[in-house]
There are 2 protein chains.
Amino acid sequence: MATGRAHRPATRSRGIPEATVARLPLYLRALTTLSERSVPTVSSEELAAAAGVNSAKLRKDFSYLGSYGTRGVGYDVEYLVYQISRELGLTQDWPVVIVGIGNLGAALANYGGFASRGFRVAALIDADPAMAGKPVAGIPVQHSDDLERIIEENGVSIGVIATPAGAAQQVCDRLVAAGVTSILNFAPTVLSVPDGVDVRKVDLSIELQILAFHEQRKAGEDTAGEGGVDTTPPAAPPAAAVRRRTDDGTEQGPDGDVPAVMPA
Amino acid sequence: MATGRAHRPATRSRGIPEATVARLPLYLRALTTLSERSVPTVSSEELAAAAGVNSAKLRKDFSYLGSYGTRGVGYDVEYLVYQISRELGLTQDWPVVIVGIGNLGAALANYGGFASRGFRVAALIDADPAMAGKPVAGIPVQHSDDLERIIEENGVSIGVIATPAGAAQQVCDRLVAAGVTSILNFAPTVLSVPDGVDVRKVDLSIELQILAFHEQRKAGEDTAGEGGVDTTPPAAPPAAAVRRRTDDGTEQGPDGDVPAVMPA
DNA sequence: AACTGTGAACTATTTCACAGCA
DNA sequence: TGCTGTGAAATAGTTCACAGTT
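Residues numbered from 1 in each chain as written. Chains lettered and ligands numbered in written order. Predicted model: local features only at pLDDT ≥ 70, side-chain atom pairs only at ≥ 80, totals over all residues. Heavy atoms only, no water.

It is worth spelling out the protein's contact with DNA strand D at this point. The full set close to DNA strand D counts 24 residues, and A:Ser44, A:Gly69, A:Tyr75, B:Arg23 and B:Arg71 are the nearest of them. Counting only the atoms of DNA strand D within 4 Å of the protein, the fraction contributed by sugar and phosphate is 62%. At a separation of 2.9 Å, a base nitrogen of DNA strand D approaches a polar side-chain atom of A:Arg59. A distance of 3.0 Å separates a phosphate oxygen of DNA strand D from a polar atom in the side chain of B:Asn54. Going through the elements one at a time, helix H3 (55–65), strand S3 (69–70) and strand S4 (74–76) of chain A together with helix H1 (18–36) and helix H3 (55–65) of chain B are the ones with two or more residues in the surface near DNA strand D. (Near = heavy atom within 4 Å. Polar contact = N/O pair within 3.5 Å; in protein donor to acceptor, adjacent residues only side chain to side chain. Helix = DSSP H or I, 4+ residues; strand = E, 2+ residues; numbered from the N terminus.)

This paragraph deals with the UniProt feature "DNA-binding region" (unreviewed entry) in chain A. Taking the UniProt record as the reference, the feature "DNA-binding region" (unreviewed entry) is found at residues 26–65 of chain A. Within the segment residues 26–65 of chain A, helix and strand shares are 75% and 5% respectively, and the terminal C-alpha atoms sit 15 Å apart. (UniProt positions renumbered as here; feature names shortened; annotations may be inferred.)

Bringing the sheet that holds strand S2 (residues 41–42) of chain B into the picture now. Reading across the sheet, the three strands line up as S2-S4-S3 (chain B) and stay open at both edges, with antiparallel pairing between neighbours. Single-partner strands in this sheet number two, and they are S2 and strand S3 (69–70) of chain B. (Pairing = 2+ DSSP bridges.)

A separate point is the nonpolar core. If you look at the biggest cluster of nonpolar residues, it comprises 116 residues, and the most contacted ones within it are A:Ile84 and B:Ile84. Setting aside residues up to four positions removed in sequence, B:Ile84 forms contacts with B:Leu24, B:Tyr27, B:Leu28, B:Leu31, B:Phe62 and B:Leu65. (Core = buried A, V, L, I, M, F, W, Y, C linked by side-chain atoms within 4.5 Å. Buried < 20%, exposed > 50% of the residue type's maximum accessible area, 1.4 Å probe, protein only. Contact = heavy atoms within 4.5 Å.)

To continue, consider the protein's contact with DNA strand C. Around DNA strand C there are 25 residues in total, and A:Arg23, B:Ser44, B:Arg59, B:Arg71 and B:Tyr75 lie nearest to it. Here DNA strand C approaches the protein such that, of its atoms within 4 Å, sugar and phosphate make up 65%. Between DNA strand C and A:Arg23 there is a distance of 2.7 Å, counted from a phosphate oxygen to a side-chain nitrogen or oxygen. At 2.5 Å from a phosphate oxygen of DNA strand C is found a main-chain nitrogen or oxygen belonging to B:Ser44. Mapped onto the surface near DNA strand C, the elements with two or more residues apiece are helix H1 (18–36) and H3 of chain A together with H3, S3 and strand S4 (74–76) of chain B. Residue composition of the surface near DNA strand C, by class: five nonpolar, ten polar and ten charged. (Nonpolar A, V, L, I, M, F, W, Y, C, P; charged D, E, K, R; others polar.)

Our next topic: the environment of B:Leu31. All names here are of chain B. When you line up the elements, leucine 31 lands in helix H1. With 16 residues separating them in the primary sequence, leucine 31 and leucine 47 have C-alpha atoms 7.4 Å apart. Ignoring any residue separated from it by four or fewer positions in sequence, one finds leucine 31 in contact with Val42, Leu47, Val77, Leu80, Val81 and Ile84.

With that settled, the discussion passes to the packing of aromatic side chains. For any pair of aromatic rings, the description rests on two quantities: the centre-to-centre distance and the angle between the ring planes. Under the defined criterion, the tally for this structure stands at ten aromatic pairs over all chains. With a centroid separation of 6.5 Å and 45° between ring planes, the pair formed by A:Tyr79 and A:Tyr82 is classed as tilted. Here A:Tyr82 and A:Tyr79 lie together in helix H4 (residues 77–88), a separation of three residues that amounts to about one turn. What makes A:Tyr79 buried here is its relative accessible area of 2%. Measuring from centroid to centroid gives 4.9 Å for B:Tyr111 and B:Phe114, while their planes differ by 90°, and the two rings are edge-to-face. (Phe/Tyr/Trp six-rings, centres within 6.5 Å; stacked < 30°, edge-to-face > 60°.)

This part is about the pairing of strand S10 (residues 182–185) of chain A. All names here are of chain A. Burial of the side chains of S10 extends over both faces: Ser182 and Leu184 are buried on one face and Ile183 and Asn185 on the other. In this structure, strand S9 (residues 158–161) lies alongside S10, joined through four bridges in parallel fashion. The residue of S10 that forms the bridge with glycine 159 is isoleucine 183. Between the parallel elements S9 and S10, the chain passes through helix H8 (residues 165–178) in a crossover that is right-handed. Sheet topology places S10 next to strand S12 (residues 198–201); four bridges connect them, and they run parallel. The residue bridging serine 182 from the neighbouring strand is aspartate 198, located in S12. (Right-handed = clockwise from strand over helix to strand, strands pointing away.)

Turning next to the sheet that holds S3(A). Residue and element names in this part refer to chain A. If you trace the three strands from one edge of the open sheet to the other, you get S2-S4-S3, paired in antiparallel fashion. A single partner strand is all that each edge strand has here, and the edge strands are strand S2 (41–42) and S3. In this structure, S2 lies alongside S4, joined through two bridges in antiparallel fashion. By the bridge assignment, valine 42 is partnered in S4 with tyrosine 75.

Residues and elements named next belong to chain A. Axis separation between helix H7 (residues 147–154) and H8 bottoms out at 9 Å; the angle between their running directions is 40°. Put simply, H7 runs oblique to H8. Here H7 and H8 pass one another in a crossing that is right-handed. Seen from H7, the contacting residues are Leu147, Glu148, Ile151 and Glu152; seen from H8, they are Arg174, Leu175 and Ala178. Taken together, the residues of the contact of H7 with H8 break down into four nonpolar, no polar and three charged. (Axes fitted to C-alpha atoms, helices over the stretch in contact; angles between N-to-C directions. Parallel < 35°, antiparallel > 145°, perpendicular 65-115°, else oblique. Left-handed = near helix turned anticlockwise from the far one by under 90°.)

Here it is in structure tokens:
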């Protein structure tokens, strides 16, 4: 059992950089908007602005896909939509199951961005018998006892986990055993999966913590310790000597923290 | 108006790499779990496994914070929890507003991971008058007319946008005008913000698209075109010559896509 | 003996800047 | 002339491997 993702480091056939892959959906969204407005062509500069990146990066990214632009003109919007969709595998239909139909699961089920991009919510699964049969986003929730059958019958290879943290690994194991090879995990846990299974994590609180880090920096530049209320005094240092690399003298309290659990 | 984040490229005081900052919450979660189990110390190897990274990376990351370990022994769990919390700014109390109380907003309001990490949901705001006064996660929803007042009265500097895409920029502008300097955006739009305002984006469908890309690769290695159902034929190429870098002959259809909208 | 902390090597990603084409 | 496509340079991030410490 390996932990985490398995991004085929060897046998990398056409080698599109991971950073580029992560931006393709961004470009696709921007292009889709242009397409709706019937804009026929777009320059790298314009498209980059719409996608929130710089144009050199965008051109480099596209160069990994092929030469789909026209010098002096720009890119054909429709054609580029098609090429990126194809590259991402969105010209196929991907049946997806969502496990854990709490607020978050329901939000995901209702999320228009899935259906419109080649993803089809094949089933909603929850462990609560009281949920069974209830329609969410027009799809009846099924009990998790039937998880394996549902996966197999629908040929599902992508699963979304929106359960509480405590249930996530177990759900993950069952999904994988039933044939799922890609998992999008919203539960705040590190999942262990065998080689060949991809896991991506979306963590709602991690993003906020990153913002807090930068926010703290901003406050520290003007007046020290603005923008929040300090708490209790510093924790006792460990037995060993502690030599901090740098120290700004800001001392705050420790933190009786509790691991996060998703809404069920 | 600059687009996107503004990560103080100059004046970078103590220079912790962005990639490291992004992992600190991961370490913190793993440490918190250990702390609850009353584990007193942990080695880089063990902690790395719990956090899902490798130990060299973890040690390097910690080296940017200071020398908080003891050679031959490991790291003091409680002390490290404190140091990372402090570095991330989580020893302060951060009042947060959530704008857009649909399924997703409700999921966020109920999410235990916020409250337990220095974040306090100061207010829930929605544009629907019918929502006003209704309690979600024990907090009454307030109408967006009062957004500015709420921000100012509570000294909020971090805002979470969980509105439909169409409303996001407008909400963002109002948040920023009222004094918010960090935004977590769940709406599938690129937000324009002035310099000095940080934006982080969580996009539910982008992650799935990245999984689909890798999933497609897996399928393509064994039998070509397994794991999904193909759709219509290729779009017409643009007027100009098209020379693809490589081509695997897989031709699929274009895609009359619609921009995703979050559940309101 | 065990384990951290860290230069140095390596790999990935971004940005520059300009040749080449329509 | 205007804009793409891309080598080359610059920067960021990861991994190695081992000296140093308890």
